Amino acid sequence: MKITSVNRKLNVPSHPTIPFIEGDGVGAEVTPVMQAVVDAAIMKAYGGKRKIEWLEVLAGGKAHAQTGEWLPQTTLDAFREYLVGIKGPLMTPIGGGIRSLNVALRQSLDLYVCLRPVRYFQGIASPVRHPERVDMCIFRENTEDIYAGIEWESGSDEARKFCWFLHDDMGVTKVRFPETSAFGVKPVSVEGSERLIRSAIEYALSHDLPSVTLVHKGNIMKYTEGGFKKWGYALAEREYGEALRSGKLVVKDCICDAFLQNALLKSQDYSVIATLNLNGDYISDMLAAQVGGIGIAPGANINYNTGHAIFEATHGIAPDIAGQNIVNPSSIILSAVMMLDYIGWSEAGLLVTSAIEKLFSQGIATSDLTRFMDKGQTLGTEQFGEVLIKTL
């Protein structure tokens, strides 16, 4: 049965169909473990009254081997039809055609929010003194900035034409080496910025979180990054003025380089982050490193207006360890927890999170984490999933 969306509210049947992409490389190992854990948690939470009907769709290397296409139209149609899905890591095709399968999925479905929650689990080794102070949700704009970037290669006819246009028509004289410069343009719109920032504010209000911080480089890029900041404050005042005045909502901003420092020195001062695409890429991985690495970092790509969402492992395909039963499945498992929360099945998600907390606190994990733990107990990918199910 299909999940539907009416007036930004999901209608979820008791047996929803969820499309999934297994993924390339280690995807073939982590995705089945995730499905087994999710199925067990749903059974324990709801006693058989609810169940996910998994529907495999193809993308990446597996799709190319079977269909000759990297991203078949049938896969896009399935995610569009069933609204909510999940995916393992995907390879980037070499040569022409699709620049990135992940970006293609996000842009095809207009998944304008990349949501990356980052929190600490007791027992995980960290390079910082107080990783427990990190508890943030990053709202990274997913369709503009460099994801919609336009480039011209150094020495190309297009680069020369663009340079002439800048000089002759726009009066730009500060290109230092015009003959050898490559050029790039990044679009940042009012509408794209507002819908991202609105989603961050709504999330903060619905979860009783203390603040929303607009992270930008507006001191230098005054009309793109600076526009993002300006439009964010204007939106907050226009649509959430009462919440601002009552103190229920706090909106502030921080220049990106300062934020990267502050996130190390006083991470407790930040809660929900709203930022453009490139900044969000740096921020989410830096914060993940503070709490144990990208192997336990979940993520989602969401369009809150239509209800479409694809949850995903945030790491790569890791071909060097694929097939060795050592990869950490926690990223896609915790992404599945986000998916369960998104469809309103938070009881099952809480069971999974609590079980992971218990295992990590006891030093039980895969090798990427236990090698930094005192007296860590190393489990393989499949074994970790099996122990996690027993711990639910």
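In the block above lies the structure referred to throughout.
Let me sum up the structure you'll find in this document. Because the structure is predicted, anything quoted here is derived from the model rather than measured.

Points about the sheet that holds strand S4 (residues 53-56)
Stage number 1. Strands sit in the order S4-S3-S5-S14-S13-S6-S7-S12-S10-S11 across an open sheet of 10 strands; the sheet is mixed. Edge strands, defined here as strands with exactly one partner in the open sheet, are S4 and strand S11 (251-255). Averaged over neighbouring strand pairs, the angle between their axes works out to 25° when direction is ignored.
Stage number 2. Relative to strand S14 (residues 309-313), strand S13 (residues 298-302) is paired through five bridges, and the arrangement is antiparallel. From the neighbouring strand, Gly-299 faces S14, where its bridge partner is Glu-312.
Stage number 3. Of the strands in this sheet, strand S3 (17-21), S4 and strand S5 (84-87) are in contact with helix H1 (residues 27-46), which crosses S4 at around 165°.
Stage number 4. Those strands touched by helix H10 (residues 330-342) are S3, S4, S5, strand S6 (113-119), S13 and S14, and its axis lies near 160° from that of S14.

A look at the pairing of S14
Stage number 1. Within S14, five of the five residues are buried, which leaves it mostly tucked inside the rest of the structure.
Stage number 2. Every second residue of S14 is oriented toward a common face, with Ala-309, Phe-311 and Ala-313 on one face and Ile-310 and Glu-312 on the other, all of them buried.
Stage number 3. Of the pairings in the sheet, the one linking S5 to S14 comprises four bridges and is parallel in character. Pairing of Gly-85 across the sheet is with Ile-310, part of S14.

Basis of the calculations
- Residues numbered from 1 in each chain as written.
- Predicted model: local features only at pLDDT ≥ 70, side-chain atom pairs only at ≥ 80, totals over all residues.
- Heavy atoms only, no water.
- Pairing = 2+ DSSP bridges.
- Helix = DSSP H or I, 4+ residues; strand = E, 2+ residues; numbered from the N terminus.
- Axes fitted to C-alpha atoms, helices over the stretch in contact; angles between N-to-C directions.
- Contact = heavy atoms within 4.5 Å.
- Buried < 20%, exposed > 50% of the residue type's maximum accessible area, 1.4 Å probe, protein only.

Bear in mind that shape data such as this cannot, by itself, settle questions of function.
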